[in-house]
Amino acid sequence: MMKIRSRLLVLMCLLSGMAVQPACTKKKPEETSSVKSSPSGPKILYHYRRSEEKSLDPVKAFDEASRQHSRNIFDVLLEYSYLKRPYELAPSLLTKMPEKQADGVTYLFTLKQGVKFHDHAIFPGGKGREMVTDDVIYSLKRFADANTNRLSYTLIQGLVVGMDEFRELARKQGKTFNYDKNEISGLKKVDNYQFTITFTRDSPLNFYPLAFEGTSVVPREAIEKFGDDFDKNPIGTGPFYLKSYARRGTTVLARNPNYHGTYPTEGAAGDQEAGLLQSAGKKLPLVDEVHLPLIEESQPQMLKFKKGEVAWVAISRDDYVAMVDRVPTTDGTKKFKLKPEFEKQYALYYVPSLATNFMRFGMKDPVVGSNKALRQAIAYAMNADGFIEMMYNGRGVRSESMIPNEIAGSGRETGSTWYTQDIPMAKKKLAEAGYPDGKGLPPLMVEYRSAIKDQRQQYEYMRNELAKANIKIVGNFQSFSNFLKKTDEGNYQIADAGWNADYPDAENFYALFYGKNKAPGPNTSNFENPKYDALYEKSRHMMNGPERYKIFAEMDAILKDEVPMILITSHYVMGLLQPNVRNFKRSLLEEYPYKYMDLAD
């Protein structure tokens with residue numbers, strides 16, 4: 001099994017107390033829909049969406065908003081254990097973990113039998129048919145198809161024998177490319193429930209892409225029926241199906257009555273005492289519907305939570321001040337608790353994230369992209385420590401490298417450090433860049449993913465700090481879809497950015513600056529450095545340890561010198577739960593665990 005070191009400083013509260021009304025409860029009889037689990041009506045979990053999703057087709061999306069749907073509508077071959085820590089891969093559509101064969105690079109995969117796609121009119125009689133090996137092979141071919149997947153193929157690139165060649169042929173043939181006439185040599189069907197994958201090497205990275213939502217299994221007939229409209233008609237084997245969809249309104253997910261999954265029977269230390277194993281072995285999902293209105297601003301999110309209309313909510317900067325206290329410690333760790341007036345009403349959770357927050361530079365831009373001294377000046381002018389205190393209430397740690405501290409290979413292991421604010425040095429670098437005292441430097445445009453209050457506050461902070469070095473910026477606040485379009489094409493000067501681990505390995509972060517991953521790949525900075533690329537390729541398949549960390553330190557030094565980004569923080573994920581919510585454990589690789597969650601009667 002694949003494991004990583006993890007130092008999660010988790011506070012998972014015992015979820016106890018009386019249910020609150022009307023939040024996260026069952027509808028009244030007159031409000032019930034056709035999906036019922038009891039005479040009193042369906043059990044409904046209310047949450048929210050923070051931004052518009054890019055696509056409901058998992059192979060076309062590579063953003064957090066889309067993941068909220070794809071993780072619940074579709075299934076992947078592998079998933080991360082919901083309760084175990086450190087994070088551990090486990091079977092999802094498989095009966096057991098893949099079995100290594102005699103050659104050391106081929107693995108046998110055995111599918112669960114009886115797993116069915118969602119009921120839909122595309123199937124005979126409207127009943128979902130059984131998922132079989134052909135569906136897996138078709139879905140992996142689709143993930144590899146350059147005409148379909150423009151964003152996330154880099155996660156599996158170079159790992160499976162013949163897959164890169166398949167992708168290149170698809171690129172050359174375009175829309176005429178035929179899956180039936182072209183095979184991936186490392187992907188072999190044994191029978192309806194077994195297949196093998198031959199990897200190019202026995203690498204610790206091999207299985208991670210098979211737990212990524214882009215490799216979700218989809219039915220071929222749905223793709224052929226709907227084409228590009230599949231993202232409006234998503235059909236999978238997941239715990240929920242799409243009952244109704246409103247991009248700017250409320251989307252409703254309904255329980256898949258044929259779902260194959262059950263609640264885990266094993267967890268980490270303390271889970272039993274916390275009541276997290278009370279549902280062990282029960283058929284999933286445990287709620288009948290999930291209602292997801294689009295609520296972009298943190299203030300209305302919290303207002304709905306306080307009214308009992310949302311099951312759990314993230315704590316914003318302003319809400320933190322009103323509701324949370326920091327607990328003094330002597331060991332350098334950060335601990336928090338609810339203020340006394342809220343302790344009996346809600347449960348608090350917090351955990352260090354597997355994400356890094358930073359600002360990207362667009363290396364294609366003629367002003368910032370070609371002027372390293374200017375980028376260095378901006379890095380010296382930025383105050384990450386102040387940002388963490390002002391914008392996050394201290395809920396985070398400054399980033400010394402791209403790798404969050406909870407993933408092996410971070411600054412804790414490499415000894416890498418990032419810029420600290422030094423205004424005299426910023427002004428010196430600005431002069432070196434050809435703009436003494438900022439003269440001649442036009443205001444630089446910073447792209448933001450929305451116009452919400454938090455984004456505007458972050459902009460104001462950055463504007464004020466950079467002004468100390470006579471660097472002016474202006475903010476472009478836009479819809480998330482417009483932001484993605486611009487950044488995916490690499491057409492910007494500076495862009496708000498962040499990366500949450502697709503899988504728990506440092507390679508996933510260093511890949512963001514690998515030259516071959518340039519836009520529309522994840523390297524939307526379009527940064528390219530031959531030495532960095534060579535080090536990345538050398539380290540990619542290595543096991544964690546001193547030799548790999550030494551290479552990471554060299555890569556960190558290149559990024560610090562070239563400055564394709566400005567590192568800021570790895571933040572704490574913090575929020576509140578209603579007291580009637582059950583089975584909630586904050587997983588950073590299972591962001592929206594609706595299928596595991598339950599509500600007290």
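Residues numbered from 1 in each chain as written. Predicted model: local features only at pLDDT ≥ 70, side-chain atom pairs only at ≥ 80, totals over all residues. Heavy atoms only, no water.

(A) Highlighting the overall build of the chain. Regarding its fold elements, the chain presents 16 helices and 22 strands. In terms of overall size, the chain behaves like a compact globule, its C-alpha atoms giving a radius of gyration of 24 Å where 601 residues would be expected to give roughly 25 Å. Projected onto its principal axes, the C-alpha coordinates of the chain cover approximately 75 × 65 × 40 Å. Looking at the chain as a whole, 61% of its 601 residues qualify as buried. Sequence separation of 24 or more characterises 70% of the internal contacts of the chain that already satisfy a separation of 6 or more. Total accessible area on the chain is roughly 23,600 Å²; 50% of this is exposed by carbon and sulfur atoms. (Helix = DSSP H or I, 4+ residues; strand = E, 2+ residues; numbered from the N terminus. Rg over C-alpha atoms; globule rule 2.2 N^0.38 Å. Buried < 20%, exposed > 50% of the residue type's maximum accessible area, 1.4 Å probe, protein only. Contact = heavy atoms within 4.5 Å. Areas by Shrake-Rupley, 256 points an atom, 1.4 Å probe, with all protein chains shown as cover.)

(B) Molecular detail of the environment of Phe117. Tracing the backbone through its elements, the reader meets Phe117 in the loop between β5 (106-110) and α2 (133-144). Between the C-alpha atom of Phe117 and that of Ile235, which follows or precedes it by 118 residues, the distance is 6.9 Å. Leaving out residues up to four positions away in the same chain, Phe117 has contacts with Phe123, Gly128, Arg129, Glu130, Met131, Asp135, Val217, Val218, Pro219, Ile235, Gly236 and Thr237.

(C) Geometry of the packing of aromatic side chains. Tallying each qualifying case throughout the model produces 38 aromatic pairs. With 4.8 Å between their ring centres and 85° between their planes, Tyr380 and Tyr419 make a pair best called edge-to-face. In this pair, Tyr380 sits in helix α8 (residues 372-381) while Tyr419 sits in the loop between α10 (411-414) and α11 (423-432), placing the two residues 39 residues apart along the sequence. Taken together, a centroid distance of 5.1 Å and an interplanar angle of 85° make the contact between Trp418 and Tyr419 edge-to-face. Across the pair, Tyr419 and Trp418 agree in class, each one buried. Here a set of aromatic residues connected by ring pairs shows up, and it is made of Tyr107, Phe109, Phe195, Phe199 and Phe207. For Lys560, the ring lying beneath its charged end belongs to Tyr419, and the centroid distance is 5.6 Å. (Phe/Tyr/Trp six-rings, centres within 6.5 Å; stacked < 30°, edge-to-face > 60°. Lys NZ or Arg CZ within 6 Å of the ring centre and 35° of its normal.)

(D) Structural view of the sheet that holds strand β9 (residues 250-255). Read across the open sheet, the four strands follow the order β1-β10-β9-β8; overall the sheet is mixed. One side of each edge strand has no neighbouring strand; the edge strands of this open sheet are β1 (44-46) and β8 (240-244). Along the sheet, successive strands turn relative to each other by an average axial angle of 25°, direction set aside. Sheet topology note: the β8/β9 ladder contains four bridges and is antiparallel. Among the inter-strand pairings, Phe240 is bridged to a residue of β9, identified as Arg255. Against the sheet, helix α1 (residues 64-73) touches β8, β9 and β10 (289-293), its axis set at about 15° to β9. (Pairing = 2+ DSSP bridges. Axes fitted to C-alpha atoms, helices over the stretch in contact; angles between N-to-C directions.)

(E) Region of interest: empty space enclosed by the protein. Going through the model one piece at a time under the given rule, you end up with five cavities of 30 Å³ or more. If you add up the space inside the second largest cavity, you get close to 100 Å³. In this structure, the second largest cavity is lined by Ser70, Arg71, Phe74, Asp75, Val76, Glu79, Ser92, Glu213, Ser216, Glu590 and Lys595. Of the residues assigned to the lining of the second largest cavity, the class counts are two nonpolar, three polar and six charged. (1 Å grid on protein atoms, 1.4 Å probe; cavity = no way out; pocket = protein on both sides within 12 Å on 5 of 7 lines; lining within 4 Å. Points joined across faces, edges and corners; volume = space filled by probe spheres on them. Nonpolar A, V, L, I, M, F, W, Y, C, P; charged D, E, K, R; others polar.)

(F) Spotlight on the pattern of salt bridges. Tallied over the entire structure, the rule returns 47 salt bridges. Across the pair Glu53 and Arg49 runs a salt bridge whose closest N-O atoms are separated by 3.3 Å. The salt bridge involving Glu168 is made with Arg171; its shortest N-O contact spans 3.2 Å. Of the two residues, Glu168 and Arg171 are both situated in helix α3 (residues 163-173); the distance of three residues between them amounts to about one turn of the helix. Owing to a relative accessible area of 35%, Glu168 belongs among the partly exposed residues under this scheme. (Salt bridge = Lys/Arg side-chain N within 4 Å of Asp/Glu carboxyl O.)

(G) Seen up close, the confidence of the model for the chain. Confidence along the chain averages 91 in pLDDT terms, with 93% of residues attaining 70 or more. Counted against residues more than four places away or in other chains, residues 1-39, with its pLDDT under 50, gives 123 contacts. (pLDDT = per-residue confidence, 0-100.)

(H) Highlighting unusual backbone geometry. In this structure, the amide linkage connecting Arg85 to the following residue, Pro86, adopts the cis form with an omega of 0°. Here Pro86 shows up in the loop between β2 (78-80) and β3 (89-91). Here the amide bond leading from Ala519 into Pro520 is cis, since omega sits at 15°, within 30 degrees of zero. With respect to the helices and strands, Pro520 occurs in the loop between α14 (507-510) and α15 (530-539). Not every positive phi belongs to a glycine, and Asn393 is a case in point at roughly 55°. Relative to the elements of secondary structure, Asn393 occurs in the loop between α9 (384-392) and β16 (396-398). Relative accessible area serves as the criterion here: at 9%, Asn393 is assigned to the buried category. Residues other than glycine seldom take positive phi values, yet Asn470 does so here, at roughly 65°. Summarising the element assignment, Asn470 is placed in the loop between α12 (453-467) and β18 (473-477).

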